[in-house]
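Secondary and tertiary structure notes
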Amino acid sequence: MGKNILEYGDLSPEELMAALAELGRENVLLQWWHDCYGSPHNPETTEDGQPYPKWQREFYDAGAFATQRLVMAANGVGKSQSVCAELAAHVTGNYPDWWAGKRFPRGGWEAWIGAIDNDMQKRGPQRALLGRDLEDLLGTGLIPKSTIRDVKRRQAGVKDVADTVTVMHASGEPVVIKFLTFEQGWRKWQSGDPKIILWDEEPDDSVSDQKDILSEALTRLVRNSGIFICGYTPLLGDTQLTEHFMNSEDPSVWWIGASWDDAPHMDADDRKRIAEQYPEHQRAARTQGIPMLGEGRIFHAPE
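Scope of this entry: the structure provided in the associated data block.

About the criteria used
- Residues numbered from 1 in each chain as written.
- Predicted model: local features only at pLDDT ≥ 70, side-chain atom pairs only at ≥ 80, totals over all residues.
- Heavy atoms only, no water.
- Helix = DSSP H or I, 4+ residues; strand = E, 2+ residues; numbered from the N terminus.
- Expected span 1.5 Å × (residues − 1).
- Buried < 20%, exposed > 50% of the residue type's maximum accessible area, 1.4 Å probe, protein only.
- Contact = heavy atoms within 4.5 Å.
- Pairing = 2+ DSSP bridges.
- Axes fitted to C-alpha atoms, helices over the stretch in contact; angles between N-to-C directions.
- Core = buried A, V, L, I, M, F, W, Y, C linked by side-chain atoms within 4.5 Å.
- Polar contact = N/O pair within 3.5 Å; in protein donor to acceptor, adjacent residues only side chain to side chain.

It is worth spelling out helix H7 (residues 213-224) at this point. Look at H7: 17 Å from first C-alpha to last across twelve residues, which is about the 16 Å you get at 1.5 Å a residue. Residues of H7 that are buried: Ile213, Leu214, Glu216, Ala217, Leu218, Arg220, Leu221 and Asn224. If you follow the buried residues of H7, they end up packed against strand E1 (68-73), strand E2 (109-115), strand E6 (196-200), strand E7 (227-232) and helix H8 (240-246).

Structural data, given as structure tokens:
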């Protein structure tokens, strides 16, 4: 991952920020860890020296004991970037020094990423991990370009959609990232033995071809002792996925919520303006990460 952050301890705050900015241009993942946790000079560190924001560190640390983890969060708090940053650490094998969660010391396995459809894949996890496009900007996402060995595209009706990406793990063994969408249906989630499944948002249980995707995904992981990480805003209501996490008594099935109150980077005036633009029955889900009971499809009033 390049030079360890701690090796810059003898620099002044100004010199440190300049050095890290240069490294960040080459490695977005390193810059992400620094922005959230890495420097005693970080202005976004809380007064008591705790990481910022705290829910992200809790989410990562819970990987030490939980094989299934969820952040159910409001819009705009950074849930997608946070779960993608963890995936980038696993597939490259490059972890920050403070990492206390799950580790994959070797490569030689697959990771599956689920998104709503091809367009949402491209604008969401693919962009976060690889960059805005698969040509000139490949490697400007959380996965450094130096580790990307191959990208295969999918004929999807949307330009520049990745199908599989091969990344070189720090152990010298490759990891294959496979992109899937929920609109492809549950059969696309049959067969295979991924070590990690990441979901950015969730399937729509009301669509017959999507209601069995969760059970297929969990089956793949149980057979391979893998982990499941996901982040979504609960706009679909009390879904299978929400119930799976919120009602489980299994300590290995763990979730955390995050609202706009957990995102101090969001300006208060902007929050108020944006919230007023949401339909009233969606505001709790979009601003607090609270599931909409009844999915908000019939009852257009606050719960």
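After presenting the structure, the write-up continues.
It is worth spelling out the pairing of E2 at this point. Counting buried residues in E2 gives six out of seven residues, a clear majority hidden from the surface. In terms of strand pairing, E2 meets E6 through four bridges, oriented parallel. Opposite tryptophan 112, over in E6, you have isoleucine 197 as the bridge partner.

Before going further, it helps to examine the sheet that holds strand E4 (residues 162-168). With mixed pairing, the eight strands of this open sheet are ordered in space as E3-E4-E5-E2-E6-E7-E1-E8. With one partner strand each, in any of the chains shown, strand E3 (148-153) and strand E8 (253-258) form the two edges of the open sheet. Ignoring strand direction, the axes of neighbouring strands in this sheet form an average angle of 15 degrees. Where E4 lies against strand E5 (residues 174-181), five bridges are found, and the strand directions are antiparallel. Across the sheet, residue threonine 164 finds its bridge partner in E5, namely lysine 178. In the packing of helix H3 (residues 54-61) onto the sheet, contacts are made with E1, E7 and E8, and the angle to E8 comes to roughly 170 degrees. Helix-sheet contacts for helix H4 (residues 79-92) involve E1, E2, E4, E5, E6 and E7, and the interaxial angle to E7 is about 155 degrees.

One finds Val91, Leu129, Leu130, Ile143 and Val165 to be the most contacted residues of the largest nonpolar core, which totals 52 residues. Among the elements that make up this core, the one with the highest residue count is H4 (seven residues). Aside from chain neighbours lying at most four places away, what touches isoleucine 143 is Ala88, Val91, Thr92, Leu129, Leu130, Ile148, Val167 and Ile177.

With respect to the secondary-structure elements, glutamine 68 resides in strand E1. Owing to a relative accessible area of 14%, glutamine 68 belongs among the buried residues under this scheme. Distance in space between the C-alpha atoms of glutamine 68 and isoleucine 229 is 5.9 Å, their sequence separation being 161 residues. Aside from chain neighbours lying at most four places away, what touches glutamine 68 is Leu218, Phe228, His244, Phe245, Ser252, Val253 and Trp254. A distance of 2.5 Å separates a polar atom in the side chain of glutamine 68 from a polar atom in the side chain of histidine 244.

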